[in-house]
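So the chains spell out like this:
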Amino acid sequence: MKDKVLVVGMDGLRFDRLLAIRPPMLGELLDTGVHGTGLLPYGEADAAATGFKGQVVPLGERSIASRTDSGPGWSSIATGVWPDKHGVVDNSFTGAEFGKFPDFLSRAKRLDPQLTTTAMFSWAALAEHGAFGADIDTRVVLDGYAVTFAMGDKQIADAAELHLAEQDPDLAFVYFGDTDEVAHRLGPHCPEYTDALLTQDAYLARLLAAIRSRPAFGRERWTVLVTTDHGHLDQGGHGGTSAAERTTFVLAARPGENLGGRALPEAALVDVAPTALAQLGLTPSPSWGLDGSPLAL
């Protein structure tokens, strides 16, 4: 069997709202995969707006000064390390250390140049600031602020569906951002947030259907990881230290297999990168200094 991995990111998705809404595709993955939650080890007190550096929140023997923003969150997912290493502490990406801590797709490509990698996202900052680097074989970058995130996500879903069905990626990352945009405007309890999540869930279902439609699917073993970068306050917004803002999740599943619907003791954003690499049979070097560990699938 040829191992392949798809990572899907849904920005600003609160796990409690995911459980309450329980969209069809994500609900199926919850029932047949494994999942866990974790608290981001950083945040700025009393901060709901984005764009400023944060204060210290303790993490064991070290402390991290960062906001619970998308920049730090997706950088942690990409690199497998926390902001005190990758350097991104807010949405300005000032001080990023992606040369020292590259994304997991670039890591995989360097370990095995025969692998084919893909990244597609509707938040252009992830490409502009190097969180997902130029070494990735196929990149589709849209500006959700210019075309709206609803439209950007739709175009990303269309491109990813076609790519997964007709091309041969070994490791792919696909990002959707409208859940975060809606939550900023209206909070995560509104009907519009439910609609945004159901739309992204339908996109996820299309991506998995494209995988199953592949002529080689019977000879492939796909692992699908779904995650988010941060939560939201009930009134909308993030950046602070509340559990609502700091709670994140990682969901792992394999199309065609039942992993039991187990709840893991904990799953952190920094576990996504080493999990993706492990599912491809790749072993990170200790010199990388990753903060995460592969999830037990």
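Up top you'll find the structure we're talking about.
Keep in mind the model is a prediction, meaning the values are calculated, not measured.

Draft legend 1. The arrangement of the pattern of salt bridges in detail. Taken as a whole and judged by the stated rule, the model has 17 salt bridges. Between D3 and R221 there is a salt bridge whose closest N-O contact spans 2.8 Å. Pair noted here: D3 is in strand β1 (residues 2-10) and R221 is in strand β8 (residues 220-227), with a separation of 218 residues, a long-range link. Accessibility expressed as a relative area gives 22% for D3, which makes it partly exposed. Here D168 and R214 are joined by a salt bridge, their closest N and O atoms 2.6 Å apart. In this pair, D168 sits in the loop between α8 (149-166) and β7 (171-176) while R214 sits in the loop between α10 (191-212) and β8, placing the two residues 46 residues apart along the sequence. Given a relative accessible area of 7%, R214 falls into the buried group. One network of salt bridges, in which partners are shared, links K2, K4, D168, D170, R214 and E220.

Draft legend 2. Just the nonpolar core, in detail. Within the largest apolar cluster, 47 residues are counted, with the highest numbers of intra-cluster contacts made by F104, L126, F132 and F173. For this core, the elements supplying multiple residues, two or more each, are β1, α3 (70-79), α5 (104-111), β5 (117-121), α6 (125-128), β7, β9 (247-253) and α12 (272-279). In terms of residues, this core owes the most to one element, α12, which gives 4 residues. Setting aside anything within four residues of it in sequence, one finds F104 in contact with V7, I77, A78, F132, L171, F173, A273, A276 and L277. Residues M25, V174, Y203 and V226 belong to the second largest nonpolar core, which totals 37 residues.

Draft legend 3. Here's a closer look at the environment of S75. In this structure, S75 sits in helix α3. Residues S75 and V8, spaced 67 residues apart in sequence, show a C-alpha to C-alpha distance of 14 Å. Setting aside anything within four residues of it in sequence, one finds S75 in contact with S70, V81, H86, V88, F93, F98 and A131.

Draft legend 4. Representation of helix α9 (residues 178-186) in the model. Those residues of α9 that fall on the buried side of the exposure criterion are D178, T179, D180, V182 and A183. The elements touched by buried residues of α9 are β1, α3, α8, β7 and α10. Just downstream of α9, G187 is the residue with a positive phi angle, here 85°.

Draft legend 5. Representation of the pairing of β5 within the structure. Across the 5 residues of β5, 5 count as buried, placing the element largely inside the fold. Across the two faces of β5 the burial is the same, with T117, A119 and F121 and T118 and M120 all buried. As paired strands, β5 and β7 are joined by 4 bridges and run parallel to one another. Its bridge partner lying in β7, T118 is registered against A172.

Draft legend 6. Just unusual backbone geometry, in detail. Positive phi values are uncommon outside glycine, yet R22 reaches one of about 45°. Turning to its location among the elements, R22 is positioned in the loop between α1 (15-21) and α2 (24-32). Residue class for R22 comes out partly exposed when judged on its relative accessible area of 37%. Despite not being glycine, T148 shows a phi value in the positive range, around 80°.

Draft legend 7. Structural context of the packing of aromatic side chains. If you walk through the whole model with that rule in mind, you get 11 aromatic pairs. Measuring from ring centre to ring centre gives 6.4 Å for F121 and F173, while their planes differ by 50°; the resulting arrangement is tilted. Taken together, the residues F121 in strand β5 and F173 in strand β7 connect sequence positions 52 residues apart. One exposure class covers both F121 and F173, and it is buried. A ring pair is formed by Y145 and F149, whose centres lie 4.9 Å apart and whose planes are at 90°; its orientation type is edge-to-face. The ring of W288 is capped by R107, whose NZ or CZ atom sits 4.2 Å from the centre of that ring.

Draft legend 8. Quick look at the sheet that holds strand β6 (residues 138-141). Judged by pairing direction, the sheet is mixed, and its 8 strands sit side by side in the order β6-β5-β7-β1-β8-β9-β2-β10 without closing on themselves. In this open sheet, the two strands that pair with only one neighbour each are β6 and β10 (262-263). Of the pairings in the sheet, the one linking strand β2 (residues 34-39) to β10 comprises 2 bridges and is parallel in character. Its bridge partner lying in β10, H35 is registered against A263.

Draft legend 9. Layout of the packing of α9 against α10. Put simply, α9 and α10 touch, their axes get as near as 9 Å, and they point 180° apart. One finds that α9 runs roughly antiparallel with respect to α10. Between α9, through D178, T179, V182, A183 and L186, and α10, the contact on the second element is made entirely by E192, Y193, A196, L197 and Q200. When grouped by side-chain class, the residues that make up the contact of α9 with α10 number 6 nonpolar, 2 polar and 2 charged.

Rules behind the numbers
Residues numbered from 1 in each chain as written. Predicted model: local features only at pLDDT ≥ 70, side-chain atom pairs only at ≥ 80, totals over all residues. Heavy atoms only, no water. Salt bridge = Lys/Arg side-chain N within 4 Å of Asp/Glu carboxyl O. Helix = DSSP H or I, 4+ residues; strand = E, 2+ residues; numbered from the N terminus. Buried < 20%, exposed > 50% of the residue type's maximum accessible area, 1.4 Å probe, protein only. Core = buried A, V, L, I, M, F, W, Y, C linked by side-chain atoms within 4.5 Å. Contact = heavy atoms within 4.5 Å. Pairing = 2+ DSSP bridges. Phe/Tyr/Trp six-rings, centres within 6.5 Å; stacked < 30°, edge-to-face > 60°. Lys NZ or Arg CZ within 6 Å of the ring centre and 35° of its normal. Axes fitted to C-alpha atoms, helices over the stretch in contact; angles between N-to-C directions. Parallel < 35°, antiparallel > 145°, perpendicular 65-115°, else oblique. Nonpolar A, V, L, I, M, F, W, Y, C, P; charged D, E, K, R; others polar.

So yeah, pure geometry; function would need other evidence.
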